[in-house]
Amino acid sequence: METEEVRATAGALRQGMAQLGRRLRAERVSNGLSRSRLSLLNLLALHGPMTASAMAAAERLQPQSLTRLLSRLEDDGLIVRSPDDADRRQVRIDITREGVAVLDEDTDRREAWLAKAMAERLTATECEVLRLAAGLMERLADD
């Protein structure tokens, strides 16, 4: 059951995540990739080769939107498509070395900014609270 205190905490958390998200986006490398395309690269980097339908479900995208995003990533040499070994009718999509490099550059820059900001502005205890909160946010995000 939802209490007023839980509701207020949820609102504060949402607002804080939104502000931090905007600040982290400002640190993004200007490589011309949208958040959606970077998210797809990250999905492949974390989970390995996937079918387009599995990617659409994981990212909650319409198949038509995903098709356009994948075409751009493939044109840029950041992903590759290949037949599935078990079922040759299926096509698996995987991230390329170039895709990993683009993703790593983007991630490294944003994480470096965040680590520096945390070290300069937060106590060790506050950093530990954020570490614990990160795990809790992942649990909340899991389906």
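Think of each chain on its own: its residues are numbered from 1, step by step along the sequence as written. In keeping with the model being predicted, local features are shown solely for residues with a pLDDT of at least 70 and side-chain atom pairs are shown and tallied solely at 80 or more, while totals for entire chains, interfaces and linings include all residues. Only hydrogens and water are set aside; all other atoms, that is, all heavy atoms of the structure, feed into the side-chain values.

1. A closer look at the nonpolar core
If you look at the biggest cluster of nonpolar residues, it comprises 19 residues, and the most contacted ones within it are Leu41, Met55, Leu70 and Leu73. Per the convention used, a helix needs a DSSP run of H or I reaching at least four residues, while a strand needs a run of E reaching at least two, with both numbered from the N terminus. Breaking this core down by element, the ones donating at least two residues are α2 (35-47), α3 (52-59), α4 (63-75), β2 (91-95) and α5 (97-121). Considering every element that reaches this core, the biggest residue donor is α2, with 5 residues. Dropping the residues within four chain positions of it, leucine 41 is found in contact with Leu33, Leu73, Leu78, Ile79, Ile95, Gly99 and Leu103. Residues enter a nonpolar core if they are buried and are Ala, Val, Leu, Ile, Met, Phe, Trp, Tyr or Cys, with the set joined through side-chain atoms within 4.5 Å. For the exposure calls, accessible area comes from a 1.4 Å probe over protein chains only, and a residue counts as buried if that area is under 20% of its type's maximum, exposed if over 50%, partly exposed in between. Contact between two residues is taken to exist if any of their heavy atoms lie within 4.5 Å; hydrogens are not considered.

2. A short note on the pattern of salt bridges
The working definition used for a salt bridge is a side-chain nitrogen of Lys or Arg within 4 Å of a carboxyl oxygen of Asp or Glu. Under the definition given, this model contains 10 salt bridges. Measuring nitrogen to oxygen at the nearest pair gives 2.6 Å for the salt bridge that ties arginine 92 to aspartate 84. Its relative accessible area of 29% is what places arginine 92 among the partly exposed residues. The closest approach of N and O atoms between arginine 89 and aspartate 87, which form a salt bridge, is 3.0 Å. Aspartate 87 gets classed as partly exposed once you look at its relative accessible area, which sits at 23%.

3. Some thoughts on a nonpolar patch on the surface
Patch rule: a residue counts if its relative accessible area is over 30% and it has no salt bridge; like charges are joined within 9 Å, and nonpolar side chains (Val, Leu, Ile, Met, Phe, Trp, Tyr) within 5 Å. The Shrake-Rupley method, run with a 1.4 Å probe sphere, supplies the accessible areas, and residue values consider only the shown protein chains as cover. On the surface, Leu13, Met17, Met137 and Leu140 cluster together into a nonpolar patch covering about 380 Å² of accessible area. Contributing elements (two or more residues each) for the nonpolar patch: α1 (4-26) and α6 (124-141). Looking at the element boundaries, leucine 140 is found in helix α6. Since its relative accessible area comes to 69%, leucine 140 is described here as exposed.

4. Digging into the packing of α2 against α4
Lines fitted to the C-alpha atoms define the axes, with helices restricted to the stretch that makes contact. Angles between their N-to-C directions range from 0 to 180 degrees. Their axes nearest at 10 Å, the elements α2 and α4 cross at an angle of 80°. With respect to α4, the element α2 is oriented roughly perpendicular. Contacts between α2 and α4 pair Ser36, Arg37, Leu40 and Leu41 from the former with Leu66, Leu69, Leu70, Arg72 and Leu73 from the latter. By residue class, the composition of the contact of α2 with α4 is 6 nonpolar, 1 polar and 2 charged. Reported orientations rely on four angle classes, namely roughly parallel under 35 degrees, roughly antiparallel over 145, roughly perpendicular from 65 to 115, and oblique for the rest. Under the convention adopted here, Pro, Cys and the residues Ala, Val, Leu, Ile, Met, Phe, Trp and Tyr are nonpolar, Asp, Glu, Lys and Arg are charged, and Gly plus all remaining residues are polar.

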